[in-house]
Amino acid sequence: MTDPAIIIAVDGPAASGKGTLARRMAEHFGLRHIDSGKLYRATAWRVLRDGGDPNDSRLATRAARNLVENDLEAPELVDEIVGQAASRVATIPAVRAALVERQRALAVQPPGTIMDGRDIGTVVFPQADHKLFVTASLDCRAGRRWRELRDRGEDEDFDSVRRNLAERDERDTSRALAPLVPASDAVVIDTTDLDVEGALAAAIATIGFRDGMPAKTSELTVRQKP
């Protein structure tokens, strides 16, 4: 009988480092990595591509239900305008319902998945074996995003990037449906003063193991804390 899949939820605000950390953890443990934000960005991109308004629930829901694999690889997904639109479509209940169903179906395939997002540990997989909430100061996150945009050749000033992040934080944390908050049993990792290797070490230190792999919750008698 195949062992059930291990689920590790990694949540946090934009530019906190959660995506990079989730990818590195997946590589370290040989697990699948799913960036749930790509689903919302792809939904927003389809709406924008067709000339629609991301706040239009009918258009956004149709886009979410009709996503195909190629949509998740569109180069435009990294554009700042798509990211802002993604946080708008994410407030639409029917969009979230369609994408949560898809996330759950993808993640339960053995040996397991590390999924990053904003509500993985609270809504998508409240029963996840391990939950991390990755954060950093607003100025730190704005600097990371500004450098990322600069390296892609996009001419954005720091203050504008910081303002956009603050606005997105407000939308994400104040929405009525699945707001961005740490799960009650999540381990919080602040990456403000951590590089990638430091964040990875901090994350690994929170996890219990069996035969070198993350243990299922049922196999842990006490949840380890950093």
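Look above for the structure.
Residues numbered from 1 in each chain as written. Predicted model: local features only at pLDDT ≥ 70, side-chain atom pairs only at ≥ 80, totals over all residues. Heavy atoms only, no water.

### Focus: the pattern of salt bridges
When charged atoms on two side chains of opposite charge get close, those side chains can pair. On inspection of all chains with the given rule, the structure shows 19 salt bridges. For arginine 145, the salt bridge goes to glutamate 148, with nearest N and O atoms at 3.8 Å. Linking arginine 145 with glutamate 148, this pair stays in helix α7 (residues 138-151), spanning three residues, or about one helical turn. The residue glutamate 154 makes a salt bridge to arginine 152 at a minimum N-O spacing of 3.2 Å. Look at glutamate 154 and you get partly exposed, because its relative accessible area is 24%. Among the charged side chains, a network of salt bridges with common partners joins Glu80, Arg145, Glu148, Arg152 and Glu154. (Salt bridge = Lys/Arg side-chain N within 4 Å of Asp/Glu carboxyl O. Helix = DSSP H or I, 4+ residues; strand = E, 2+ residues; numbered from the N terminus. Buried < 20%, exposed > 50% of the residue type's maximum accessible area, 1.4 Å probe, protein only.)

### Comments concerning unusual backbone geometry
A cis amide bond, omega 5°, links proline 110 with the succeeding residue proline 111. Within the secondary structure, proline 111 sits in the loop between α5 (93-107) and β3 (112-117). The backbone of alanine 15 sits at a positive phi, close to 65°, despite the residue not being glycine. Along the chain, the position of alanine 15 falls in the loop between β1 (6-11) and α1 (18-29). On the basis of relative accessibility, which here comes to 15%, the residue alanine 15 falls in the buried class.

### Considering the packing of helix α2 (residues 36-49) against α5
Relative orientation and spacing of two packed helices are given, respectively, by the angle between their axes and the distance between those axes. Orientation of α2 relative to α5, taken along the N-to-C sense of each, is 140°, at an axis distance of 11 Å. Comparing their axes, α5 and α2 come out oblique. Considering the relative orientation of α2 and α5, their crossing is right-handed. In this structure, α2 contributes Ser36, Leu39, Tyr40 and Thr43 to the contact, and α5 contributes Val95, Arg96, Leu99, Val100, Arg102 and Gln103. Considered class by class, the residues forming the contact of α2 with α5 number five nonpolar, three polar and two charged. (Axes fitted to C-alpha atoms, helices over the stretch in contact; angles between N-to-C directions. Parallel < 35°, antiparallel > 145°, perpendicular 65-115°, else oblique. Left-handed = near helix turned anticlockwise from the far one by under 90°. Contact = heavy atoms within 4.5 Å. Nonpolar A, V, L, I, M, F, W, Y, C, P; charged D, E, K, R; others polar.)

### Quick word on the side chain of arginine 168
On the secondary structure map, arginine 168 appears in helix α8 (residues 158-174). Judged by its relative accessible area of 9%, arginine 168 is buried. Setting aside its immediate chain neighbours within four residues, arginine 168 contacts Arg41, Gly83, Gln84, Ala86, Ser87 and Arg118.

### Quick notes on the packing of aromatic side chains
Summed over all chains, the structure comprises one aromatic pair. For the pair phenylalanine 29 and phenylalanine 209, a centre-to-centre distance of 5.9 Å together with 40° between the ring planes defines the contact as tilted. Here phenylalanine 29, found in helix α1, pairs with phenylalanine 209, found in strand β6 (residues 209-210); they are 180 residues apart in sequence, far enough to count as distant. Take phenylalanine 209: its relative accessible area is 38%, and that puts it in the partly exposed class. Residue placement shows arginine 49 over the ring face of tryptophan 45; its charged tip is 4.9 Å from the ring centre. (Phe/Tyr/Trp six-rings, centres within 6.5 Å; stacked < 30°, edge-to-face > 60°. Lys NZ or Arg CZ within 6 Å of the ring centre and 35° of its normal.)

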